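Residue-level structure breakdown
Next come the chains, spelled out residue by residue.
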Amino acid sequence: MNVNDPASTFDYHKGVIPISSPTFGGNEERYVLECLRSGWISSKGEFVDRFESAFAALCGARHAVSCCNGTVALHAAMLGLGIGAGDEVIVPTLTFIASANTVVHCGATPVFVDSEPEGWNLDPRAVEAAITPRTRAIMAVHLYGQPADMAALRRIATRHRLLLIEDAAEAHGATIDGRRVGTFGDVAAFSFYGNKIVTCGEGGMVVTDDAALADRVRMLKGQGQDFQQRWRFPVIGYNYRMTNVQAAIGLAQLERFAWHLERREQVLRWYRERLRGVAAVRAQSAFPGSAPVPWLFSVVLEPGVAMARDPLMQRLAADGIETRPVFPPVHAQPCYEARAHGAFPVAENLGQRGLSLPTWSGLTEGDVTRVCQSLTRHLGARS
Ligand SMILES: *Cc1c(COP(=O)(O)O)cnc(C)c1O
């Protein structure tokens, strides 16, 4: 597959610009073929170890433990920290639902907090206000690739003796003061779902500097088996293992990580140039010292813009442009509304008026121009 030919995706062939598409062009095919030809297609095989080492190196972390997806990576990470029944974990309501679900999977209770209006990440003041005697941990989510304010959250965690978890599923390679996200918390989890910055179809990774924690996660993800002594099971575990085939794709993606990031940053620059001076929309913004990675470039309609978000998305779709609403806040989902209390005006506004635009490594300048022209035309703004 030719990397310069993003028309390799089916929708793209039909003239639709998808919100996201995996982009291959490195060793993906070769490595997968190696798995098939060698017979190493389950969770043993050299690609698993190589992918883990390469990912730890990318983050600048000591340990990386692969899992079969990002959700279970987050679950295993929290289990490894000993989070369980009776504990509360502070979670932003503006996130993908898996962030909160995994707290429930641990038997703990998610306590939702609102976001701050610039970076859209959990608001440290709201976090502080949500702490109770049962609070055990804070989960920071680096939303759409924008780092959360880890210095502020670390200060709060230290003051109240709380664990700090990073859901870095959307932020591979993002930095704060030159340091990669995934290294600020006690543990972090990443996702390699098909639309993420690095993909292996489905996949996840737990990242930590704590060797004992990495060992616990490794044990939990492998049925609780003692990896020093086979057929001995000290704890009741899970099968959360990644396959060698997944790792083969992931490793090939990582080998070209710099290229993927450069392409995504170029896409972001094209968006910023074209939307500069368009008063109807405001993009998510970065705080000083943070270097976000563009996972999904997302904007919110400013107050007073007459066009509502959903009809705007329909018009863009009619122009062959796929977009996505910003995550609907988790506290208002049917499965959570009975447990959530409090007011979340920032998250609710972003959830109602925010949208994500096509962002992936294979987009061309012409694609971004088409998206921005369609957007500004329907908003009645100048392009
Ligand atoms: C994608 C995502 C996850 C879950 O990852 P999967 O690999 O799809 O299970 C968790 N949290 C956030 C914020 C995500 O975007």
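The structure under discussion appears in the preceding block.
Residues numbered from 1 in each chain as written. Predicted model: local features only at pLDDT ≥ 70, side-chain atom pairs only at ≥ 80, totals over all residues. Heavy atoms only, no water.

1. Digging into the overall build of the protein chain
The secondary structure content of the protein chain amounts to 13 helices and 14 strands. Rg of the C-alpha trace for the protein chain: 21 Å, near the compact-globule value of 21 Å for 383 residues, within the 12% margin. With the C-alpha coordinates aligned to their principal axes, the bounding extent of the protein chain is approximately 65 × 55 × 40 Å. The buried share among the 383 residues of the protein chain stands at 56%. The long-range share in the protein chain, meaning contacts at least 24 apart out of those at least 6 apart in sequence, stands at 70%. Counting 38 positive and 38 negative side-chain charges, the protein chain places the averaged centre of each group 1 Å from the other. (Helix = DSSP H or I, 4+ residues; strand = E, 2+ residues; numbered from the N terminus. Rg over C-alpha atoms; globule rule 2.2 N^0.38 Å. Buried < 20%, exposed > 50% of the residue type's maximum accessible area, 1.4 Å probe, protein only. Contact = heavy atoms within 4.5 Å. Lys, Arg positive; Asp, Glu negative; His and termini not counted. Charge placed at Lys NZ, Arg CZ, Asp CG, Glu CD.)

2. Here's the deal with the sheet that holds strand β13 (residues 324–325)
Spatial strand order, β10-β12-β14-β13: four strands in an open sheet with antiparallel pairing. Two strands close off the open sheet at either side, each with one partner strand: β10 (281–283) and β13. (Pairing = 2+ DSSP bridges.)

3. Topic: the state of the cysteines
Summed over all chains, the structure comprises zero disulfides. Just so you know, Cys 59 is unpaired, no disulfide at all, and the nearest cysteine sulfur is the one on Cys 67, 14 Å from it. Residue classification places Cys 59 among the buried residues on the basis of a relative accessible area of 5%. Free cysteine Cys 68: the closest other cysteine sulfur is in Cys 67, separated by 6.7 Å. (Disulfide = S-S within 2.5 Å.)

4. Overview of the packing of aromatic side chains
Aromatic ring pairs are reported here in terms of the distance separating the ring centres and the angle at which the planes meet. A complete count under the given rule lists 12 aromatic pairs for this structure. Ring centres of Trp 120 and Tyr 144 lie 6.3 Å apart, and the angle between their planes is 85°; on these two criteria the pair is classed as edge-to-face. Of the two residues, Trp 120 sits in the loop between β3 (109–113) and α6 (124–130) while Tyr 144 sits in the loop between β4 (135–141) and α7 (150–159), which places them 24 residues apart along the sequence. Exposure class is identical for Trp 120 and Tyr 144. Each is buried. Look at Tyr 271 and Phe 297: their rings are 4.7 Å apart centre to centre, the planes differ by 15°, and that puts the pair in the stacked class. Highlighted residues: Tyr 271 in helix α10 (residues 257–275) and Phe 297 in the loop between β11 (290–291) and β12 (298–301), separated in sequence by 26 residues. The same class applies to Tyr 271 as to Phe 297, namely buried. One aromatic cluster is present, formed by Phe 96, Trp 120, Tyr 144, Trp 295 and Phe 327 through successive ring pairs. Of note, Arg 179 hangs over the ring of Phe 184, and the distance from its end group to the ring centre comes to 4.2 Å. (Phe/Tyr/Trp six-rings, centres within 6.5 Å; stacked < 30°, edge-to-face > 60°. Lys NZ or Arg CZ within 6 Å of the ring centre and 35° of its normal.)

5. Examining the site of the ligand
Near the ligand lie 15 residues; those nearest to it are Thr 71, Asp 167, Glu 170, Ser 191 and Lys 196. Residue Asn 69 places a side-chain N or O atom 3.5 Å away from an oxygen atom belonging to the ligand. In the model, an oxygen atom of the ligand is placed 3.1 Å from a nitrogen or oxygen of the Lys 196 side chain. Starting from 380 Å² of accessible surface for the ligand in isolation, the protein chains cover 93%. Where the shell around the ligand is concerned, the elements lending two or more residues are α4 (70–80) and α5 (98–105). Of the residues contributing to the shell around the ligand, the split by class is five nonpolar, seven polar and three charged. (Near = heavy atom within 4 Å. Polar contact = N/O pair within 3.5 Å; in protein donor to acceptor, adjacent residues only side chain to side chain. Areas by Shrake-Rupley, 256 points an atom, 1.4 Å probe, with all protein chains shown as cover. Nonpolar A, V, L, I, M, F, W, Y, C, P; charged D, E, K, R; others polar.)

6. Some points on the pattern of salt bridges
A full pass over the atoms with the stated rule returns 15 salt bridges. A salt bridge links Arg 125 to Asp 123; the nearest nitrogen and oxygen atoms lie 3.3 Å apart. The closest approach of N and O atoms between Arg 274 and Glu 273, which form a salt bridge, is 3.4 Å. What makes Arg 274 buried here is its relative accessible area of 19%. (Salt bridge = Lys/Arg side-chain N within 4 Å of Asp/Glu carboxyl O.)

7. A few points about the side chain of Glu 88
Summarising the element assignment, Glu 88 is placed in strand β2 (residues 88–92). The buried charged residue Glu 88 lacks any salt bridge partner; its closest oppositely charged side chain belongs to Arg 134, at an N-O distance of 5.2 Å. A polar side-chain atom of Glu 88 sits 2.7 Å from a polar atom in the side chain of Thr 132. Not counting the four nearest positions on each side in its chain, Glu 88 is found in contact with Thr 109, Val 111, Thr 132, Arg 134, Thr 135, Arg 136 and Ala 137.

8. Re the packing of α4 against α5
Two elements in contact, α4 and α5, have axes separated by 9 Å at closest approach and are oriented at 45°. The pairing of α4 with α5 is recorded here as oblique in orientation. For α4 against α5, the interelement crossing comes out right-handed. Contacts from Thr 71, Leu 74, His 75 and Met 78 in α4 reach Ala 98, Ser 99, Thr 102, Val 103 and His 105 in α5. Here the contact of α4 with α5 is composed, by residue class, of four nonpolar, five polar and no charged. (Axes fitted to C-alpha atoms, helices over the stretch in contact; angles between N-to-C directions. Parallel < 35°, antiparallel > 145°, perpendicular 65-115°, else oblique. Left-handed = near helix turned anticlockwise from the far one by under 90°.)

The values are spatial; any link to function lies outside them.
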